[in-house]
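Reading the structure
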Amino acid sequence: MPIINRKRRAQAEPEAPPPPTRRRRSPSVSEASSIDEEVDGEADGDTQAGSSHDQMVKKLVRLALASEYSRQLVRRTDITSKVMAPNTSRQFKHVFSEAQDQLRSVFGMEMTELPQKEKVTIGQKRTAARAGSQPSSSSKAWILTSTLPASYRQPKILSPPQIPSTAAESSYVGFVTFVLTLIYLSPSSSISEARLEKHMKRMNADNYVLSGEKTEKVLKRMEREQYIMKVKERDGGGEETVDYVIGPRGKVEVGERGVAGLVRKVYAKKDAEADELERRLIRSLGDVVIDKERRVEGEGAEEADTQEMEQAEEEPQRNGRRGAKKQTPRRSSERNRRRTRDEEDEEEDDGEEVETEDDDDDDDDDDE
């Protein structure tokens, strides 16, 4: 039998498969939703930041209006705790400026910073000197003041609030202005307690004011609202002296101009008396109380006088030789006048001598 080749044929090796291509994996539904949430979160963060900024501006405006209604100060600490959001202290200037714009454009008011309290007593001055550091000029406290023109500042437009009543508020404002006027017109802008009581008796307000409140209670309210400051000090003999000075709120809300306005209303004068009153006000309160109309009139009169003087000085310069020629006849005329005066004096002397001679002749005849 033929030998059978039992060798198996080597099977053809299969071709190598192509390298697998990388396909871009599509995100799953959960991943896609998370990406969308991130994008929406960033957009919501921007809108929330803008809305929070606007909310802080509105809160500051409401705080200023509410504080002024109750005559309380708008302090920096109150703004930080009641208006500003957490971690937004750097936005204070922007929030404050935008609130100022809204107060001016909508309400006709603005926040005015109060000055620092003055060091009045010797002890306060010594304490400040020992501290060595210069006191900060900023008080970080504000009140609302009107920005309306003077023509709109009338009782019909700016009427007193009705709470507790219009009469009570009117009497309080009048009493405050009266007391501040007494202090401003006193020497060194301070008045003793005894002298203030003396003026109160003259006004029949030593016990009660028009609204029915006790005078002592009203003075304490004025001190609390910083219209006035009560200063107590002991002298060398150990006696305690009590004086009243102008407070920060009184300086801003009334000031020298308000005092001058009250004096002009009470002592209404005309012509020469009005000029004398203005001079006294300037002497007591300073140049800040000068009436604008009078200032314009005075400046116009001064300008006219200066123009006339300049014209008078320029005339001889313009004329030149004419001015010199005019001076020569004047000199000759003066000499002629002197000559005529001398001649008249000589004639008078001659007349007196003749009269004396005639008198002597008459005496001789009488003797004969």
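Remember, it's a predicted structure, so these values are computed and weren't measured experimentally.

**Focus: helix α7 (residues 215-224)**
For an α-helix, 3.6 residues make a turn, and residues three or four places apart therefore share a direction. When α7 is considered as a whole, its buried residues turn out to be T215, V218, L219, R221 and M222. The buried residues of α7 occupy an angular sector of 160° when the element is viewed end-on, so they sit on one face. Away from the buried face of α7 by more than 90 degrees, exposed residues E216, K217, K220 and R224 are located. Residues of α7 that are buried in the fold lie against α5 (166-184), β5 (228-234) and β6 (240-246). Backbone geometry just downstream of α7 places Q226 in the positive-phi region, at approximately 65°.

**Considerations on the side chain of E68**
The topology assignment puts E68 in helix α1 (residues 29-69). A polar atom in the side chain of E68 sits 3.2 Å from the backbone nitrogen of L144. Ignoring anything within four residues of it in the chain, the contact list for E68 reads I143, L144, R249 and E253.

**Observations concerning the packing of helix α9 (residues 255-266) against helix α10 (residues 271-285)**
In the contact formed by α9 and α10, the axes pass within 11 Å of each other and the chain directions differ by 150°. Between α9 and α10, the angle falls in the class roughly antiparallel. Seen from above, α9 lies across α10 with right-handed handedness. Every residue of α10 that contacts α9 at E256, V259, A260, V263 and R264 is listed here: L277, E278, L281 and L285. Residue composition of the contact of α9 with α10, by class: 6 nonpolar, no polar and 3 charged.

**As for the packing of aromatic side chains**
Both the distance between ring centres and the angle between the ring planes are used here to describe each pair of aromatic rings. Applying the stated rule across the entire model yields 3 aromatic pairs. Taken together through their ring pairs, the aromatic side chains of F92, F96 and W142 make up a single cluster. Over the aromatic face of F92 sits the side chain of R76, whose NZ or CZ is 3.7 Å from the ring centroid. The ring of Y172 carries the charged tip of R221 above its face, separated from the ring centre by 3.8 Å.

**Regarding unusual backbone geometry**
In this structure, R71 takes a positive phi of about 55° despite not being glycine. Residue placement: R71 occurs in the loop between α1 and β1 (74-75).

Each value, and the rule that gives it
- Residues numbered from 1 in each chain as written.
- Predicted model: local features only at pLDDT ≥ 70, side-chain atom pairs only at ≥ 80, totals over all residues.
- Heavy atoms only, no water.
- Buried < 20%, exposed > 50% of the residue type's maximum accessible area, 1.4 Å probe, protein only.
- Helix = DSSP H or I, 4+ residues; strand = E, 2+ residues; numbered from the N terminus.
- Arc of directions from axis to C-beta.
- Contact = heavy atoms within 4.5 Å.
- Polar contact = N/O pair within 3.5 Å; in protein donor to acceptor, adjacent residues only side chain to side chain.
- Axes fitted to C-alpha atoms, helices over the stretch in contact; angles between N-to-C directions.
- Parallel < 35°, antiparallel > 145°, perpendicular 65-115°, else oblique.
- Left-handed = near helix turned anticlockwise from the far one by under 90°.
- Nonpolar A, V, L, I, M, F, W, Y, C, P; charged D, E, K, R; others polar.
- Phe/Tyr/Trp six-rings, centres within 6.5 Å; stacked < 30°, edge-to-face > 60°.
- Lys NZ or Arg CZ within 6 Å of the ring centre and 35° of its normal.

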